[in-house]
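Observations on the three-dimensional arrangement
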Amino acid sequence: MSAEQLSNNGANNQVSDLKVAYKDRIVAFIDILGFSDLIKRSSSGPESLATVSKIVDFVRDILLEQEDIFKTDPFYLHISFISDSIVISTDAPSSADDPQFWHILKLAGGIGLNLLAIGVTCRGSIVTGQIFHHREANFDAVVGPALVEAYELERSVAIYPRIVVDISVRNFLEAYLADQLDHESWREVLKQDLDGEWFINIFHPIFVSVVKHLFCYRGYREDYDILKEAGNSINKGIEKSKQPRIRGKYTWLLSQYRQHTSTHEIPDHKSPPMTISS
């Protein structure tokens, strides 16, 4: 190959500049709690290593398999895994009947429930704002004011193992559900806590369905199985927690779990809702 051919070949393969431009999008920031400590224990603890493996497999499933599905769908979600955090974004709804935000709510709630079933908790937030979220082969970038806002909300407001949502996302939900026949049951995907903050109710049947069908590789037979695993994880967390601060987070989860399983019939289950001993 001549020098001229080499030069032309290099010019043809030159990567074009990536222009950063913010767009109004809904952004979910989910932090996997205790992941650093789990990694440290995994070098000498088989149980911790097994949990790390489950988390990595789960995130890989989302990034590789689910993104391929969403790319063929008009409601494509951008997803990035950064250290111990998951960032998801989608275009902000263009009208009241645009269900764009609904996809990100379902995925975020499903992630929260599935992580708990695996044995770890998460904390996060969902906001609306300007962000640049770009993915391509071997590279992704996510920057912008909305990401900073979501991160700060997760750190300062979420507090408990919950995914809080800001008022803009709640407004999208209210506008969308106004035209839904079964809107009352759908409203329960969000709950208001004692401190006034609204958060995703990960035990809602919608998120159970997401775990069972969207993340079906785990092989759950019944919806009840998913909740049972989540309940067992809460029990283990309470039993193993030596620090009052961490134990308090699991106690909060236990309270949410009991509220839901005591007032809602779980679809397609053969056994009665489980009761967790204190």
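Every chain begins its residue count from 1, and numbering advances along the sequence as written. At least 70 in pLDDT is required for a residue's local features to be given in this predicted model, at least 80 for side-chain atom pairs to be given and counted, and no such filter applies to totals for whole chains, interfaces and linings, which use all residues. With hydrogens and water excluded, all non-hydrogen atoms of the structure serve as input to the side-chain values.

The way it works is that DSSP assigns letters per residue, a run of H or I at least four long becomes a helix, a run of E at least two long becomes a strand, and they are numbered from the N terminus. When helices and strands are tallied, the chain shows 10 helices and eight strands. When accessible area is computed with a 1.4 Å probe and restricted to protein chains, residues below 20% of their type maximum are described as buried, those above 50% as exposed, and intermediate ones as partly exposed. Expressed as a percentage of the 278 residues in the chain, the buried residues total 47%. Intrachain contacts of the chain at a sequence separation of at least 6 include 69% that bridge at least 24 residues. What sets the accessible areas is the Shrake-Rupley method with a 1.4 Å probe; for residues, cover comes only from the shown protein chains. As displayed, the chain offers around 14500 Å² of accessible surface, 52% of which is attributable to carbon and sulfur atoms. Any pair of residues with heavy atoms lying within 4.5 Å of one another is described as a contacting pair.

What follows covers the side chain of Arg 123. With respect to the element layout, Arg 123 can be found in strand E4 (residues 122-136). We classify Arg 123 as buried; its relative accessible area is 11%. Within the structure, the side chain of Arg 123 is placed 2.7 Å from the side chain of Glu 154, a separation counted as a polar contact. Those residues in contact with Arg 123 that sit more than four places away from it in its chain are Phe 29, Ile 30, Asp 31, Leu 33, Glu 154, Arg 155, Ala 158, Ile 159, Tyr 160, Arg 162 and Lys 249. What qualifies as a polar contact is a pair of N or O atoms within 3.5 Å, subject to a donor-acceptor requirement within protein and to the restriction that residues adjacent in sequence count only when both atoms come from side chains.

With that settled, the discussion passes to the nonpolar core. Ile 88, Leu 105, Ile 111, Ile 126, Ile 200 and Phe 203 are the most contacted members of the largest nonpolar core, which totals 69 residues. At 11 residues, helix H4 (residues 100-118) tops the list of elements feeding residues into this core. Here the nonpolar core consists of buried residues drawn from Ala, Val, Leu, Ile, Met, Phe, Trp, Tyr and Cys, with membership extended through side-chain atoms lying within 4.5 Å.

Right, let's get into the environment of Val 210. For Val 210, the position within the fold is in helix H8 (residues 205-214). Each C-alpha atom of the pair Val 210 and Asn 114 lies 9.2 Å from the other, and the pair is 96 residues apart in sequence.

Turning our eyes to something else, we now look at the packing of H4 against helix H6 (residues 167-177). At a minimum axis distance of 10 Å, the contact between H4 and H6 shows a crossing angle of 115 degrees. Judged by the sense of rotation from one axis to the other, the crossing of H4 with H6 is left-handed. Along the contact surface, H4 presents Phe 101, Trp 102 and Leu 105, while H6 presents Val 169, Phe 172, Leu 173 and Tyr 176. Classification convention: Asp, Glu, Lys, Arg as charged; Ala, Val, Leu, Ile, Met, Phe, Trp, Tyr, Cys, Pro as nonpolar; all other residues, Gly among them, as polar. For the contact of H4 with H6, the residue count by class is seven nonpolar, no polar and no charged. Note on definitions: angles span 0 to 180 degrees between N-to-C directions of axes, and those axes are lines fitted to C-alpha atoms, for helices only across the stretch in contact. By definition, any crossing whose near helix is turned counterclockwise from its far helix by less than a right angle is left-handed, and any crossing with a clockwise turn is right-handed.

Time to look at the layout of surface pockets. With a 1 Å grid laid over protein atoms only, a set of points is called a cavity when a 1.4 Å probe fits there but cannot get out and a pocket when it is open yet has protein on both sides within 12 Å along at least five of seven lines; lining residues have an atom within 4 Å of a point. Grid points are joined across faces, edges and corners, and a volume is the space filled by probe spheres set on the points. Counted as a void, the largest pocket has a volume near 1200 Å³. Lining the largest pocket we find 37 residues, and of these Leu 38, Arg 41, Gly 119, Val 120 and Tyr 250 sit closest to its centre. Mapped onto the lining of the largest pocket, the elements with two or more residues apiece are strand E1 (23-32), helix H2 (35-42), helix H3 (46-70), H4, helix H9 (223-240) and helix H10 (244-263). Looking at which element gives the most residues to the lining of the largest pocket, the answer is H9, with six residues. The residue makeup of the lining of the largest pocket, split by class, is 12 nonpolar, 11 polar and 14 charged.

Once that is clear, we can look at the pattern of salt bridges. Note on definitions: salt bridges are taken to be side-chain nitrogens of Lys or Arg within 4 Å of carboxyl oxygens of Asp or Glu. Inspection of every chain in the model, using the stated rule, returns eight salt bridges. For the salt bridge of Asp 31 with Arg 155, the shortest nitrogen-to-oxygen distance reads 4.0 Å. With a gap of 124 residues between them, Asp 31 in strand E1 and Arg 155 in helix H5 (residues 145-158) connect regions that are remote in the sequence. Put simply, Arg 123 and Glu 154 hold a salt bridge, and the shortest N to O gap is 2.7 Å. Separated by 31 residues along the polypeptide, Arg 123 in strand E4 and Glu 154 in helix H5 bring together distant segments of the chain. Take Arg 123 and Glu 154: they sit in the same class, and that class is buried.

Summarising the model, the chain shows a mean pLDDT of 80, and 78% of its residues fall at 70 or more. Within the chain, the lowest mean pLDDT, 44, falls on helix H1 (residues 3-12), and the highest, 96, falls on strand E6 (residues 163-165). For every residue, the predictor assigns a confidence score, pLDDT, that lies between 0 and 100. Note on residues 1-11: pLDDT under 50 across the span, and one contact to partners over four residues away in sequence or across chains. In this model, residues 267-278 is a region of pLDDT below 50 whose contacts with residues beyond four sequence positions or in other chains number 26 contacts.

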